[in-house]
Amino acid sequence: MNDRNDRNDTNDRNDGALRSALRGLEIFEGLTEEQLDWLVSVSEPRVLSDGEVLFRDGEEATGFHVLLSGGLVVTKVVDGREEVLTRHSTEEESAAAEEHDGKPSAAHRFTGELPLLTDGAYVATAAASGPATTVVAYPKPVFFEMMTRCHGVAAVLIPVLAWRIKSSEVQARKRATVEALGTLAAGLAHELNNPAAAVARAAQELAPALERLTRTAHAWGASASDAERSVFDRLAEELDKLPPPVITDPLAQADAEEEIADWAEEAGTERPGLLGSGVSDLGLELGWLLERLEGVGEPSLPAALDHLAALLEIRSLAAELRAAGPRISQLVAATRDYANLDRAPEQTFSVTDGLENTLVVLRAKLAGISIVRVYEPGLPELTGYPSELNQVWTNLVDNAAEAMEGSGVLTLRARAEGVCMVVEIGDTGRGIPEDSLPRIFEPFYTTKDVGKGTGLGLHLSYRIVTQRHHGSITARSRPGETRMVVRLPFAGTAGQGTACATPAEPADAPTSAKSTTSSTTR
């Protein structure tokens, strides 16, 4: 009997301490005695050791958690890197350090409400920070009953929830900017590699090639007669006027190269292979060369062929440099336009230019994927924020490339539709699951594996299109065909009500639609 009384006394003391601790929290400070009694009765206190996980990213959300003592660190793995999203602490000094970004003080004392309200999974991992962390858990049904019974809870919870969503978007926007710069740098480095290597190789080979040209010129000049020099000069002049070669049959070109090299070797030239490749690369054959060399005697022929080979080598190196220079300039220009360096944020711009610059930046990720462009000619320009829209195009094209897993068809369409520009980005990938399609623009919702996405990429794209540009964005998908449709108002039409709202879709088409004026799911 005494033992039972002792246990009852202990429970009463514990309930009293819990009651006192809960009453001291901002989220519960307005509760009546009856509400507080109920809250204590449904509370599930839990003590966590340092580093012990409270819940994990991607797990089904089962409860709402209130922090009584100690601290929690909230993290998320993004692209293989663990990032600290925030820290919750009951110590005033630690909590103040987290409030530099406008974090409400109440936000330190509870977590887990967002996935419960959206009927989703936890969007991050929370673990104890410190040796004595005490939390109180409220299962999902209890949480919703709490919202009904205790009206004052919502008054504190909703502003904190709004701050958390806004803070996550800010973090995601910063991350998207960094990722865009990383994509830009990686794409530029990849694309610059070929022309830069061509410049380096040509520069390295230019000095010995010039030395060979000088040496063969002396030898040719010493052995040739005036008439033979005239023949060679006419040949060189004709080479200057040749149009760029069109090689339609690589095997035929290889046969011509071998035939010219064999003949040149029999004629006594020092570098028959160089002459064979130089002539065949121009789309020419042995018969053409023999006809132009008529009038050059057999004693002078080796010197003529050596000088011709050296001349063709120099011209080939010069052609590589001429081709590489504009290519580098084009890449730099595309990069500058993609990032909109040295330009005002809001400006008039061509959407198709942004799409093309995005393809340049993502060329490495699009290897093996066929690209189809269907751009209506004479499209008007838009007024807005091109660098932000480039983030949208990058996100949509990158998602499409990932869905196709290295092979498929990426289709870009741009057309005028009334007062709107319509941009469609389609792919032949695996598609978006029908049950996921209505939610893809929601914050924190992702169909990717844990650690491979934040669930904010499409949400940020939606915000850029709808809030910054007064447009709409729609997704239609089935296996083998996904289309992301963006509608943007032309310059001067952004204020025309629902001009670029999402139009009605066929009833049998799985669709997720978002716009500034409507949000429909079919």
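Residues numbered from 1 in each chain as written. Predicted model: local features only at pLDDT ≥ 70, side-chain atom pairs only at ≥ 80, totals over all residues. Heavy atoms only, no water.

Some remarks on the overall build of the protein
1) Next: If you tally the helices and strands in the protein, you get 14 helices and 16 strands.
2) Next: Across the 522 residues that make up the protein, the buried fraction comes to 45%.
3) Next: Across the protein, every contact between residues at least 6 apart in sequence was considered, and the portion connecting residues at least 24 apart equals 74%.
4) Next: As displayed, the protein offers around 26,000 Å² of accessible surface, 52% of which is attributable to carbon and sulfur atoms. (Helix = DSSP H or I, 4+ residues; strand = E, 2+ residues; numbered from the N terminus. Buried < 20%, exposed > 50% of the residue type's maximum accessible area, 1.4 Å probe, protein only. Contact = heavy atoms within 4.5 Å. Areas by Shrake-Rupley, 256 points an atom, 1.4 Å probe, with all protein chains shown as cover.)

Structural notes on the pattern of salt bridges
1) Next: Taken as a whole and assessed by the stated rule, the structure comprises 25 salt bridges.
2) Next: Aspartate 398 serves as the salt-bridge partner of lysine 365, at 2.8 Å between the closest nitrogen and oxygen. Placement of the pair is lysine 365 in the loop between α12 (351-361) and β10 (369-375) and aspartate 398 in helix α13 (residues 386-404), with a sequence separation of 33 residues.
3) Next: Classification of lysine 365 by relative accessible area gives partly exposed; the value is 48%.
4) Next: The shortest N-O distance in the salt bridge between glutamate 405 and arginine 430 comes to 3.6 Å. Taken together, the residues span a long stretch of sequence, with glutamate 405 in the loop between α13 and β12 (408-417) and arginine 430 in the loop between β13 (420-427) and α14 (457-468) at a distance of 25 residues. (Salt bridge = Lys/Arg side-chain N within 4 Å of Asp/Glu carboxyl O.)

Points about the packing of α12 against α13
1) Next: Between α12 and α13, whose axes approach to 9 Å, the crossing angle comes to 50 degrees. When the axis of α12 is compared with that of α13, the two are oblique. α12 and α13 meet at a crossing whose hand is right-handed. Where α12 approaches α13, its residues Val351, Gly354, Leu355 and Thr358 are matched on the opposing element by Asn390, Trp393, Thr394 and Val397.
2) Next: Residues of the contact of α12 with α13, tallied by class, amount to 4 nonpolar, 4 polar and no charged. (Axes fitted to C-alpha atoms, helices over the stretch in contact; angles between N-to-C directions. Parallel < 35°, antiparallel > 145°, perpendicular 65-115°, else oblique. Left-handed = near helix turned anticlockwise from the far one by under 90°. Nonpolar A, V, L, I, M, F, W, Y, C, P; charged D, E, K, R; others polar.)

Quick look at the packing of aromatic side chains
1) Next: Within this structure, the stated rule accounts for 6 aromatic pairs.
2) Next: Each ring, one from phenylalanine 28 and one from tyrosine 138, has its centre 6.5 Å from the other, and the planes form 70 degrees; the classification is edge-to-face. With phenylalanine 28 in the loop between α1 (2-23) and α2 (33-42) and tyrosine 138 in strand β8 (residues 133-139), this residue pair connects regions lying 110 residues apart in the sequence.
3) Next: A relative accessible area of 1% places phenylalanine 28 in the buried class.
4) Next: We classify tyrosine 138 as buried; its relative accessible area is 0%.
5) Next: On the basis of an interplanar angle of 40 degrees and a centroid distance of 5.0 Å, the ring pair of phenylalanine 64 and phenylalanine 143 is categorised as tilted. Here phenylalanine 64 is found in strand β3 (residues 63-69), whereas its partner phenylalanine 143 is found in helix α5 (residues 140-149), with 79 residues between them in sequence. Per residue, the accessibility class of phenylalanine 64 equals that of phenylalanine 143, and both read buried.
6) Next: A network of ring pairs unites the aromatic residues Phe64, Phe110, Phe143 and Phe144 as a single cluster.
7) Next: Over the ring of tyrosine 385 we find arginine 468; its NZ or CZ atom is 3.9 Å from the centre of that ring. (Phe/Tyr/Trp six-rings, centres within 6.5 Å; stacked < 30°, edge-to-face > 60°. Lys NZ or Arg CZ within 6 Å of the ring centre and 35° of its normal.)

Considering the packing of helix α8 (residues 250-267) against helix α9 (residues 272-280)
1) Next: Look at α8 against α9: their axes get within 8 Å of each other, and the N-to-C directions meet at 140 degrees. One finds that α8 runs oblique with respect to α9. Classified by chirality, the crossing of α9 by α8 is right-handed. Where α8 abuts α9, its residues Gln253, Ala256, Glu257, Ile260, Ala261, Ala264 and Glu265 lie against Pro272, Gly273, Leu275, Gly276, Ser277, Val279 and Ser280.
2) Next: Of the residues belonging to the contact of α8 with α9, the class tally is 7 nonpolar, 5 polar and 2 charged.

Things to note about the confidence of the model for the protein
1) Next: For the protein, per-residue confidence averages 78 on the pLDDT scale, and 74% of positions sit at 70 or higher.
2) Next: Within the model, the stretch residues 1-10 combines pLDDT values under 50 with 0 contacts to residues more than four positions away or in other chains.
3) Next: Contacts from residues 449-455, a stretch scored under 50 in pLDDT, to residues over four places away or in other chains number 19 contacts. (pLDDT = per-residue confidence, 0-100.)

Topic: the pairing of β12
1) Next: Here β10 pairs with β12 via 7 bridges, running parallel. For isoleucine 371, the partnering residue across the bridge sits in β12 and is leucine 410.
2) Next: Where β12 folds back on β13, the antiparallel hairpin that results is connected by 2 residues, among which glycine 418 adopts a positive phi of roughly 70 degrees. (Pairing = 2+ DSSP bridges.)

As for empty space enclosed by the protein
1) Next: The tally for this structure, following the rule as stated, stands at 1 cavity of 30 Å³ or more.
2) Next: Taken as a whole, the largest cavity holds about 70 Å³ of empty space.
3) Next: The wall of the largest cavity is formed by Arg212, Arg215, Thr216, Glu270, Arg271, Leu274, Asp306, Ala309, Ala310 and Glu313.
4) Next: Contributions of two or more residues to the lining of the largest cavity are made by α6 (151-223) and α11 (301-339).
5) Next: Counting residues per element, the lining of the largest cavity draws most heavily on α11, at 4 residues.
6) Next: Taken together, the residues of the lining of the largest cavity sort by class into 3 nonpolar, 1 polar and 6 charged. (1 Å grid on protein atoms, 1.4 Å probe; cavity = no way out; pocket = protein on both sides within 12 Å on 5 of 7 lines; lining within 4 Å. Points joined across faces, edges and corners; volume = space filled by probe spheres on them.)

Here's the deal with a negative patch on the surface
1) Next: A cluster of acidic side chains, namely Asp249, Asp255, Glu258, Glu259, Asp262, Glu265, Glu266 and Glu285, defines a negative patch on the protein surface.
2) Next: Along the chain, aspartate 249 turns up in the loop between α7 (226-241) and α8. (Patch = residues over 30% accessible without salt bridge, like charges linked within 9 Å, V, L, I, M, F, W, Y side chains within 5 Å. Lys, Arg positive; Asp, Glu negative; His and termini not counted. Charge placed at Lys NZ, Arg CZ, Asp CG, Glu CD.)

Points about the nonpolar core
1) Next: Ranked by size, the top nonpolar core spans 40 residues in total, and within it Leu22, Phe28, Phe64 and Tyr138 carry the most contacts.
2) Next: Looking at this core, the element that brings in the most residues is α2, giving 5 residues.
3) Next: Leaving out residues up to four positions away in the same chain, phenylalanine 64 has contacts with Ile27, Phe110, Thr111, Gly112, Glu113, Leu116, Val136, Ala137, Tyr138, Phe143, Met146 and Leu157.
4) Next: Among the nonpolar cores identified, the runner-up in size contains 37 residues, and Leu410, Ile432, Ile440 and Ile464 belong to it. (Core = buried A, V, L, I, M, F, W, Y, C linked by side-chain atoms within 4.5 Å.)

Section: the environment of serine 223
1) Next: Structurally, serine 223 can be placed in helix α6.
2) Next: Overall, the relative accessible area of 34% leaves serine 223 in the partly exposed class.
3) Next: With 80 residues separating them in the primary sequence, serine 223 and alanine 303 have C-alpha atoms 7.4 Å apart.
4) Next: When sequence neighbours within four positions are dropped, the list of residues in contact with serine 223 reads Glu228, Ser300 and Ala303.

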